[in-house]
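Understanding the architecture of this molecule
Okay, here's what each chain looks like letter by letter:
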Amino acid sequence: MEEALALARMGLGYTSPNPSVGCVIVKDGEIVGRGYHHRAGTPHAEVWALREAGERAAGSTVYVTLEPCAHYGRTPPCARALVKAGVAKVVCAMLDPNPLVAGKGAAILRNAGIPVIVGLLSGKAIKINEVFIKNMITQQPFIAVKLAQSLDGVTASRTGKSKWITNDWARKRGYYLRSLYDAILVGINTVEADNPLLTSRTVREGHDAPHQPFRIILDSTGRIDLQALLVTDKQARTMVITTKHCPVEKKEALERAGVEVLVAPLRDDDRVDLPAMVHTLYEKGIHSILVEGGSTVQGTFFDSNLVDKIYAFIGAKVIGGVDSKTSVGGLGADDLSESVTLDYETAEIHDNNVYIEAYNRNREGAYVHWNH
């Protein structure tokens, strides 16, 4: 199962909106087939593993990170393919939260007389498909934020200097994280200050090119320069999310430049309605978002209770200053009882920088024991 999980991780980011799945087939104590889902619309993990195993699949034990599918989509159901191959037993890490599957794949196998064991290394399988799980449970995108700050939570000095608070390892890890998500989101202030590309430069094992996320800019009044790299660079798609306050001429110019423009709804206080906006993005096929924006953007996502996960990079510096920029702005909590409570997943030191992954304990769509 550890081997199957490693295979599943190879598909992260590439398979959206499908889950990332790995499969290993064992016969007489030997691995005879391996496979993983490469990208949406291509064969599933079990199919690749069965192809490699060939006739040796008969009488084998199949280890798969997610319950084999039971429905006809762009590919036939894997549960029936396993039955046809004559496998002897199936061990899956977790059941599928997709209502089209949700135990039906396991039922097909059991009805064919094939024992199914569920729950082996389920915690690791859940983490791999945390985006897919939230999508299935809430029909909303999974939202993570990336914080890069000094030990005292500062992202730029009082004079605006920010390069570099964290180290090369942190920047390379950031490129890798981009490859896991459907979209990267920043605010117009970040675009004007840094003129970023927001691309992934990580070519992961099993792939010949980086997965490039959709680049999204929050720009309420249409301030973005038509010569900004996010407009002129064509390595990845770009979307500007604006409001009725953006001039029509600017919207048309952006669209002529190949940029998608989305006009977001406003709240009564004339601010973007973030929950409505992210739901619209979900309906457009953006099922996971990595928020890299500055203090203001990060704060609005926390204030709107939209954050599921945090990646924090902490440099080996203390900057100080009451006028320095903190990593999370916005309104914040009035009382500590209203603050975001975290569950720390990992804390590591890399080249004298600290790297932390944490979850919002009260996030929506967290996996609730489907292992039956």
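Calculation criteria
Residues numbered from 1 in each chain as written. Predicted model: local features only at pLDDT ≥ 70, side-chain atom pairs only at ≥ 80, totals over all residues. Heavy atoms only, no water. UniProt positions renumbered as here; feature names shortened; annotations may be inferred. Buried < 20%, exposed > 50% of the residue type's maximum accessible area, 1.4 Å probe, protein only. Helix = DSSP H or I, 4+ residues; strand = E, 2+ residues; numbered from the N terminus. Arc of directions from axis to C-beta. Contact = heavy atoms within 4.5 Å. Axes fitted to C-alpha atoms, helices over the stretch in contact; angles between N-to-C directions. Parallel < 35°, antiparallel > 145°, perpendicular 65-115°, else oblique. Left-handed = near helix turned anticlockwise from the far one by under 90°. Salt bridge = Lys/Arg side-chain N within 4 Å of Asp/Glu carboxyl O. Pairing = 2+ DSSP bridges.

- Per an unreviewed UniProt entry, the protein is named Riboflavin biosynthesis protein RibD, and its organism is Anaeroglobus geminatus F0357.
- Checking UniProt for the protein, the heading Function (unreviewed entry) contains the comment "Converts 2,5-diamino-6-(ribosylamino)-4(3h)-pyrimidinone 5'-phosphate into 5-amino-6-(ribosylamino)-2,4(1h,3h)-pyrimidinedione 5'-phosphate."

1. Notes on helix 3 (residues 78–85)
- Every buried residue of helix 3 is listed here: Cys78, Ala79 and Leu82. Looking straight down helix 3, one finds that the buried residues subtend no more than 110 degrees of arc, so they occupy a single side.
- Those residues of helix 3 hidden inside the fold are in contact with helix 2 (45–53), strand 3 (61–64), strand 4 (89–92) and helix 4 (104–111).
- Once helix 3 ends, the next one or two residues include Gly86, with phi positive near 75 degrees.

2. Looking at the packing of helix 3 against helix 4
- The N-to-C vectors of helix 3 and helix 4 enclose an angle of 20 degrees; their axes lie 9 Å apart at closest approach. The pairing of helix 3 with helix 4 is recorded here as roughly parallel in orientation. Between helix 3 and helix 4 lies a crossing whose hand is right-handed. Residues Ala79, Arg80, Leu82 and Val83 of helix 3 touch helix 4, and the partners they reach there are Gly105, Ile108 and Leu109.

3. A word on the pattern of salt bridges
- Overall, the coordinates contain 17 salt bridges when judged by the stated rule.
- Asp168 is paired through a salt bridge with Arg171; the nearest N and O atoms lie 2.5 Å apart. Of this pair, Asp168 and Arg171 both sit in helix 7 (residues 168–178), three residues apart, which is roughly one turn of that helix.
- The partner of Glu357 in a salt bridge is Lys309, and the shortest N-O contact between them spans 3.7 Å. Of this pair, Glu357 sits in strand 16 (residues 353–360) while Lys309 sits in strand 13 (residues 309–314), placing them 48 residues apart in sequence. Taken individually, Glu357 and Lys309 each receive the classification buried, so the pair is uniform in this respect.
- Three or more residues are tied together by salt bridges with common partners; here these are Lys127, Glu130, Arg173, Lys309, Glu345 and Glu357.

4. Let's talk about the pairing of strand 15 (residues 342–350)
- Where strand 15 meets strand 16, eight bridges bridge the pair, whose relative direction is antiparallel. Within strand 16, the position partnered with Glu348 by the bridge is Tyr355.

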